[in-house]
Amino acid sequence: MDDNQTVKLNNVGSGSNTTKRPTLIVLQGESLGSSIPLGAQMFTIGRGSDCELRIDDNLASRAHARLESAAGGQLYCIVDLGSTNGTFVNGQVVEDPYVLRDGDKIRVGRHVFKFALLDDDESEFQDRIQQMIIRDDLTNLLTQRSFVVELERQLARRRDQVDCGQISILMMDLDHFKTVNDTYGHVVGSQSIKQVGEIIEASLRKSDVAARYGGEEYVAYLTDIPTSSAMLIAERIREAIGRHEISVSRKGSTVRLSVTISIGISTFPIHGTDPIDLIEKADLALYRAKQTGRNRVVEYDPQRDRFDEEGYRRLELRSLIHDGDPTS
């Protein structure tokens, strides 16, 4: 099948017709909140590269289930394709072709989809919900949870490759940012965070991905790039932020200030293959950058970046964030 026909969960949208359109909405699994229009006569879900809806889910079969349309595409039924773990609709296993109704919930592996008939207004609302889930309101960068999902997807594609490309993780934190909030107030602080996010995004390549990790922290991954080149990009980000004058109107006057940023870097597969482990190691490098003077880029060093008492406290905070609000 042509690659252009494969639906990507993180790159789908709705049409502009005024009629009701059959749609799958992701209720559980990767790319939570995404909506997938059903336009084809047959629409296969599974792990295989030839599936119209390909999901990274080890509980799903390569060709797990198929949606088949009738009545001009307004009526769909779902058929299990002999999957290992079964296909379920509203909690019941599908043994024979099942005609879907508006609101039915389909489970394939760890993924749950809602079958819905959406008009233009409902499609637009669904798109807005998706953006609220995956994008940070202030910076429009990915949220922490969405970033981890995207990073895991990138790493999963490469773990079984003999000659896989490197991926560098950048953990970034504004220096002395509490002083900015204490001196100028949270409005100026928020605008500073927004402008720095814009600089980070503008400094990256199209293939790179950035997120707001929380507060004044950011994270990014850089694909298919040696560590030396990732260090250069990180330096470019650091220098651009240091040169930038933040300008914010407040109470009839303009506040102007400058900030600096510290950056820690880890690299797949040199420093590990697990996304959380790589983020934590980049975070340890960031901690060393802070401890050695700030406003610098530091690469993770297993001999120097150890889990001291402060490091353990930082990682405990990270684990709480990962288990918390998916939009944080």
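Residues numbered from 1 in each chain as written. Predicted model: local features only at pLDDT ≥ 70, side-chain atom pairs only at ≥ 80, totals over all residues. Heavy atoms only, no water.

A. Spatial organisation of the packing of aromatic side chains. What the rule picks out here adds up to two aromatic pairs. Each ring, one from Tyr 76 and one from Phe 115, has its centre 6.2 Å from the other, and the planes form 55°; the classification is tilted. Placement of Tyr 76 in strand E6 (residues 75-80) and of Phe 115 in strand E11 (residues 111-118) is noted, with a sequence separation of 39 residues between them. There is no split in this pair, since Tyr 76 and Phe 115 are both buried. Summarising the aromatic geometry, the rings of Phe 147 and Tyr 221 are spaced 5.5 Å apart at their centres and angled 45° between planes, so their arrangement reads as tilted. Here the residue Phe 147 occupies a position in helix H2 (residues 144-158), and Tyr 221 occupies one in strand E14 (residues 217-223), the gap between them amounting to 74 residues. (Phe/Tyr/Trp six-rings, centres within 6.5 Å; stacked < 30°, edge-to-face > 60°. Helix = DSSP H or I, 4+ residues; strand = E, 2+ residues; numbered from the N terminus. Buried < 20%, exposed > 50% of the residue type's maximum accessible area, 1.4 Å probe, protein only.)

B. Looking closely at the pairing of E11. By the criterion of burial, E11 is predominantly enclosed, with six of the eight residues buried. With seven bridges joining them, strand E1 (residues 21-28) and E11 adopt antiparallel strand pairing. Note on E11: the bridge partner recorded for Pro 22 is Leu 117. Pairing analysis gives four bridges linking strand E10 (residues 105-108) to E11, with the strands arranged antiparallel. In the strand pairing of E11, Lys 105 is matched with Lys 114. Two successive antiparallel strands, E10 and E11, enclose a turn made up of two residues, where Gly 109 displays a positive phi of approximately 60°. (Pairing = 2+ DSSP bridges.)

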